[in-house]
Amino acid sequence: MSRFLNVLRSWLVMVSVIAAGNTLQSFRDHSFLSEKLYTASPGLVNGLQARTFGVWTLLSSVIRCLCAIDIRNRTLYYTTLFTFFLALVHFLSEVFIYHTAALTIGIMAPLMVASFSILGMLIGLQYLEVEALSQNKKKN
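Residues numbered from 1 in each chain as written. Predicted model: local features only at pLDDT ≥ 70, side-chain atom pairs only at ≥ 80, totals over all residues. Heavy atoms only, no water.

**Student:** Could you give an account of a nonpolar patch on the surface, naming the residues involved and the relevant values?
**Tutor:** On the surface, L92, F96, I97, Y98, L103, I105, M108, M112 and F116 cluster together into a nonpolar patch covering about 950 Å² of accessible area. Looking at the nonpolar patch, the elements with two or more residues in it are α4 (74-96) and α5 (105-139). Here the nonpolar patch gets four residues from one element, more than from any other, and that element is α5. Within the element layout of this structure, I97 appears in the loop between α4 and α5. (Patch = residues over 30% accessible without salt bridge, like charges linked within 9 Å, V, L, I, M, F, W, Y side chains within 5 Å. Areas by Shrake-Rupley, 256 points an atom, 1.4 Å probe, with all protein chains shown as cover. Salt bridge = Lys/Arg side-chain N within 4 Å of Asp/Glu carboxyl O. Helix = DSSP H or I, 4+ residues; strand = E, 2+ residues; numbered from the N terminus.)

Shown next as C-alpha cells:
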C-alpha cells in the first residue's frame, strides 16, 4: 500500500475520533452547537436538534473509520467521500442560505476538514487505481 493511502487512513481515523467526540458533546449538552456552530441563530438549537446532529455525526464517524480499516472497498470509499461532500454542503448552506451559522472558527474547522478530506480522497482514488492496475498485471 502506498504511503499516501496510509496517511489517508490515519487522517480518516483521526477525523472519525474527533467526530465521535462531537457526538458525545451533542448528546451531553446541546448548548455546544449554539455556542460553536449555529452562532447566528442559537435560539433554533434545541435538544432534539442536537441529538439528531449527534446521530448524523456518529454515523459519519463510523463510516469514516470503516473506510480507514478497508480503504480498498470501493463502495465504502465512495460512501465516505459522500459524507464529506454532505458535511461541506450542510455547513455552507447553514452559512450562506439559511444564515444560522457565521464564519467563525467553529464553522471554518469542519469546512476545512471536509474540503481537505475531499481533496485527499480524490487523490487517493488515483493511488487505488494504480494499485489495482499493478495487481491485475501481476495476475496476468
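**Student:** Can you break down unusual backbone geometry residue by residue, with the values?
**Tutor:** Even without a glycine there, the phi angle at H99 is positive, about 55°. Residue placement: H99 occurs in the loop between α4 and α5.

**Student:** Tell me what's going on with the pattern of salt bridges, and back it up with residues and numbers.
**Tutor:** Taken as a whole and judged by the stated rule, the model has two salt bridges. For the salt bridge of E131 with R72, the shortest nitrogen-to-oxygen distance reads 2.6 Å. Taken together, the residues span a long stretch of sequence, with E131 in helix α5 and R72 in the loop between α3 (47-69) and α4 at a distance of 59 residues. Owing to a relative accessible area of 14%, E131 belongs among the buried residues under this scheme. Of the charged contacts in the structure, one is a salt bridge between E129 and R74, with a shortest N-O distance of 2.6 Å. Within this pair, whereas E129 is found in helix α5, its partner R74 is found in helix α4, the two being separated by 55 residues in sequence. (Buried < 20%, exposed > 50% of the residue type's maximum accessible area, 1.4 Å probe, protein only.)

**Student:** An account of the nonpolar core is needed here, citing residue identities and associated values.
**Tutor:** Judged by nonpolar contacts, the single largest core of 31 residues is most densely connected at L12, L33, Y38, Y77, F91 and M121. It is α4 that contributes the most residues to this core, eight residues altogether. Setting aside chain neighbours within four positions, we find Y77 in contact with L8, C67, I71, G120, M121, G124, L125 and L128. (Core = buried A, V, L, I, M, F, W, Y, C linked by side-chain atoms within 4.5 Å. Contact = heavy atoms within 4.5 Å.)

**Student:** Please set out the packing of α4 against α5 residue by residue, giving values where relevant.
**Tutor:** One way to put it is that α4 packs onto α5 with a least axis distance of 9 Å and a crossing angle of 155°. By the angle class used here, α4 and α5 are roughly antiparallel. Like other packed secondary-structure pairs, α4 and α5 cross with a definite hand, here left-handed. Residue classes in the contact of α4 with α5 are distributed as 18 nonpolar, five polar and two charged. (Axes fitted to C-alpha atoms, helices over the stretch in contact; angles between N-to-C directions. Parallel < 35°, antiparallel > 145°, perpendicular 65-115°, else oblique. Left-handed = near helix turned anticlockwise from the far one by under 90°. Nonpolar A, V, L, I, M, F, W, Y, C, P; charged D, E, K, R; others polar.)

**Student:** Report on the packing of aromatic side chains, specifying residues and quantitative values.
**Tutor:** Applying the stated criterion to the full structure yields six aromatic pairs. Between F53 and F91, the ring centres sit 6.4 Å apart and the planes meet at 70°, which makes this aromatic pair edge-to-face. Here F53 is found in helix α3, whereas its partner F91 is found in helix α4, with 38 residues between them in sequence. A single burial state applies to F53 and to F91, both of which are buried. Centre to centre, the rings of W56 and F91 are 6.4 Å apart; their planes meet at 50°, and the pair counts as tilted. You can see W56 sitting in helix α3 and its partner F91 sitting in helix α4, a full 35 residues away along the chain. Ring pairs connect the aromatic residues Y38, F53, W56 and F91, which therefore count as one cluster. Across the ring face of F84, the terminal group of R64 is positioned such that the distance to the ring centre comes to 3.9 Å. (Phe/Tyr/Trp six-rings, centres within 6.5 Å; stacked < 30°, edge-to-face > 60°. Lys NZ or Arg CZ within 6 Å of the ring centre and 35° of its normal.)

**Student:** Requested: an account of the packing of helix α1 (residues 3-28) against α3, with residues and values cited.
**Tutor:** A pair of packed helices is captured by two measures, namely the crossing angle of their axes and the spacing between those axes. Packing of α1 against α3 brings their axes to within 8 Å, and their N-to-C directions diverge by 160°. Taken as axis vectors, α1 and α3 run roughly antiparallel relative to one another. The crossing of α1 and α3 is left-handed. Residues belonging to the contact of α1 with α3 are distributed by class as follows: 14 nonpolar, seven polar and three charged.

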